[in-house]
Amino acid sequence: MSSVKSLTFLELKMYDRSHQGVFMQRRVIIAGNWKMYKTNDEAVQFVKELEPLVQDSIPAVYLAVPFTAIQAVSEAAKGSQLVVGGQNMNNALEGAFTGEISARMLLQAGARFVILGHSERRIYFNESNDFINKKLNRALKDGLQPILCVGESLEEREQGKTEEVLKKQLTECMASVPANAEFVLAYEPVWAIGTNQVASPEEAQKVHAFCRQVLRELWGDMADQIRIIYGGSVKPDNAAELLEQPDVDGLLVGGASLKIESFSQIVNYQKVSKT
Ligand code: PGA
């Protein structure tokens, strides 16, 4: 893992609480979300090929893989800096919930984080803010780092309701989450997911700053330590400009995380953007 001290401004988002002269640092995260793609064999092969290309990467590299591949990928990634995670979980500790999976099961298989509240879960599986909130609290309690996804639909955006929707999602999903919780927030506008319609860097920055403001209302200065990552049609050619925005602390990548070339280029965005 890279030493935090050797990282430069772009590598870590530095936030100067100048009234106290204290620098806060937020390490950039590039997270792949494989959704329902890749068998175990394909997943392990991918990780073996990816590792040498990202081993010196400055951002933290996360991979949210299918449940069935968590163990095999974790073993294949041992000793590397890849962080393996799941894409969903149930809020119960255990129980008669056919087809569900618990935080403890994910952890024991090797997962360190879990995506919660992805719009595909909200839309296709009717997940509510309340349910996501319960999962978030469970993940934190059991020691998994959640990546909480929020985002407005196209219709909500066109009606000028983006901020209203995000505030509701954030406050409801985060109810009773302790202020020192280790979690990551992902802003994923639904209209940008899988559509090749990426938010412009300015749009992303505006919404991320708004989300941080909502977090500040909930958690005060702790909000400056939370990483807010962007997701929705991220590709190698738009990654760097998104990450240049002061409140964009990382990227959640769907389609482009399925190919070694595009994912490694996004992870190495600084090298790509400067050549
Ligand atoms: P996309 O998906 O990069 O394919 O748009 C992002 C996501 O759903 O997390």
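Along each chain, residues carry numbers from 1 onward, in the same order as the chain's sequence is written. Local features in a predicted model are, by the rule used here, given only for residues with pLDDT of at least 70; side-chain atom pairs are given and counted only at 80 or more, and totals for whole chains, interfaces and linings are based on all residues. Note: side-chain values were computed over all heavy atoms of the structure, leaving out hydrogens and water.

1. Focus on the overall build of the protein
1) Next: Only DSSP runs of H or I covering at least 4 residues are called helices, and only runs of E covering at least 2 are called strands; the numbering of each starts at the N terminus. Looking only at helices and strands, the protein features 11 helices and 10 strands.
2) Next: Type-normalised accessible area, obtained with a 1.4 Å probe on protein chains alone, sets the label of each residue: buried when under 20%, exposed when over 50%, and partly exposed for intermediate values. Considering the protein as a whole, with its 275 residues, one finds that 53% of them fall into the buried category.
3) Next: Each accessible area value is a Shrake-Rupley result obtained with a 1.4 Å probe; residue values ignore everything except the protein chains displayed when judging cover. As displayed, the protein has an accessible area near 12900 Å², and 52% of this comes from carbon and sulfur atoms.

2. Here we look at the sheet that holds strand β6 (residues 113-116)
Two pairing modes exist for strands in a sheet, parallel and antiparallel, and in both the strands are linked by backbone hydrogen bonds.
1) Next: Taken in spatial order, the eight strands of this closed barrel run β3-β4-β5-β6-β7-β8-β9-β10, and their pairing is parallel. Taking each pair of neighbouring strands and ignoring which way they run, the sheet shows an average axis angle of 25 degrees.
2) Next: Any two strands are treated as partners once DSSP identifies two or more bridges connecting them. Relative to strand β7 (residues 145-150), β6 is paired through four bridges, and the arrangement is parallel. Within the sheet, the bridge partner assigned to valine 114 lies in β7 and is proline 146.
3) Next: Sheet strands touched by helix α1 (residues 40-54): β4 (60-64) and β5 (82-86). Its angle to β5, the strand with the most contacts, is close to 135 degrees.
4) Next: Whether two residues are in contact is decided by their heavy atoms, any of which lying within 4.5 Å being enough. The convention used is that axes are lines fitted to C-alpha atoms, helices contributing only their stretch in contact, and that angles between N-to-C directions extend from 0 to 180 degrees. Along the sheet, helix α9 (residues 236-243) makes contact with β3 (29-33), β9 (227-231) and β10 (250-253), crossing β10 at roughly 150 degrees.

3. Observations concerning a negative patch on the surface
1) Next: Residues Glu202, Asp237, Glu241 and Glu244 make up a contiguous surface patch of negative charge.
2) Next: For glutamate 202, the position within the fold is in helix α8 (residues 201-219). To count toward a patch, a residue needs a relative accessible area over 30% and no salt bridge; like charges are then connected within 9 Å, while nonpolar side chains (Val, Leu, Ile, Met, Phe, Trp, Tyr) are connected within 5 Å. Salt bridges are defined by distance alone: a side-chain nitrogen of Lys or Arg within 4 Å of a carboxyl oxygen of Asp or Glu. We count Lys and Arg on the positive side and Asp and Glu on the negative side, and we leave His and both chain ends out. By convention, the charge on Lys lies at NZ, on Arg at CZ, on Asp at CG and on Glu at CD.

4. Digging into the side chain of asparagine 88
1) Next: In this structure, asparagine 88 sits in the loop between β5 and α3 (103-109).
2) Next: At 2.7 Å, the side chain of asparagine 88 forms a polar contact with the side chain of lysine 135.
3) Next: Filtering out sequence-adjacent residues up to four positions away, asparagine 88 remains in contact with Phe67, Ile101, Leu106, Val114, Ile115, Arg121, Glu127 and Lys135. In protein, a polar contact means a hydrogen-donor-capable atom and an acceptor-capable atom, both N or O and within 3.5 Å, with residues adjacent in sequence counting only if both atoms are side-chain atoms; elsewhere, any N or O pair within 3.5 Å suffices.

5. A closer look at the environment of glycine 86
1) Next: Note that glycine 86 resides in strand β5.
2) Next: Given a relative accessible area of 0%, glycine 86 falls into the buried group.
3) Next: Separated by 58 residues in sequence, glycine 86 and leucine 144 have C-alpha atoms that sit 9.7 Å apart.
4) Next: Ignoring anything within four residues of it in the chain, the contact list for glycine 86 reads Ala64, Val65, Ile70, Ala111, Phe113, Val114 and Ile115.

6. Let's talk about the packing of helix α5 (residues 129-142) against helix α7 (residues 162-173)
1) Next: Direction vectors running N to C along α5 and α7 enclose 45 degrees, while the axes themselves pass 8 Å from each other. The angle between α5 and α7 places the two elements in the oblique class. Residues Asn129, Ile132, Asn133 and Leu136 of α5 lie in contact with α7, whose contacting residues are Lys168, Gln169, Glu172 and Cys173.
2) Next: For the contact of α5 with α7, the per-class residue count stands at three nonpolar, three polar and two charged. Roughly parallel refers to an angle under 35 degrees, roughly antiparallel to one over 145, roughly perpendicular to one between 65 and 115, and oblique to any angle outside these ranges. Ten residue types, Ala, Val, Leu, Ile, Met, Phe, Trp, Tyr, Cys and Pro, are classed as nonpolar, four, Asp, Glu, Lys and Arg, as charged, and the remainder, Gly among them, as polar.

7. A look at the layout of surface pockets
Regions of empty space are outlined by a rolling probe, equal in size to a water molecule, passed over the atoms.
1) Next: Taken as a whole, the largest pocket holds about 520 Å³ of empty space.
2) Next: Here a cavity is any set of points on a 1 Å grid over the protein atoms alone where a 1.4 Å probe fits but cannot get out, and a pocket is any open set with protein on both sides within 12 Å along at least 5 of 7 lines; a residue lines the site when it has an atom within 4 Å of a point. Around the largest pocket, the lining is made up of 20 residues, and of these Lys35, Met36, Gln87, Arg121 and Phe125 lie nearest the centre.
3) Next: Ranked by the residues each element gives to the lining of the largest pocket, the list is headed by helix α4 (residues 119-124), at three residues.
4) Next: Looking at the lining of the largest pocket residue by residue, the classes come out as 10 nonpolar, six polar and four charged.
5) Next: If you add up the space inside the second largest pocket, you get close to 270 Å³.
6) Next: Looking at the second largest pocket, it is lined by 20 residues, and the ones nearest its centre are Lys35, Ile193, Gly194, Gly254 and Gly255.
7) Next: Residues of the lining of the second largest pocket, tallied by class, amount to eight nonpolar, nine polar and three charged. Grid points are joined across faces, edges and corners, and a volume is the space filled by probe spheres set on the points.

Don't take any of this as a statement about function, it's just geometry.
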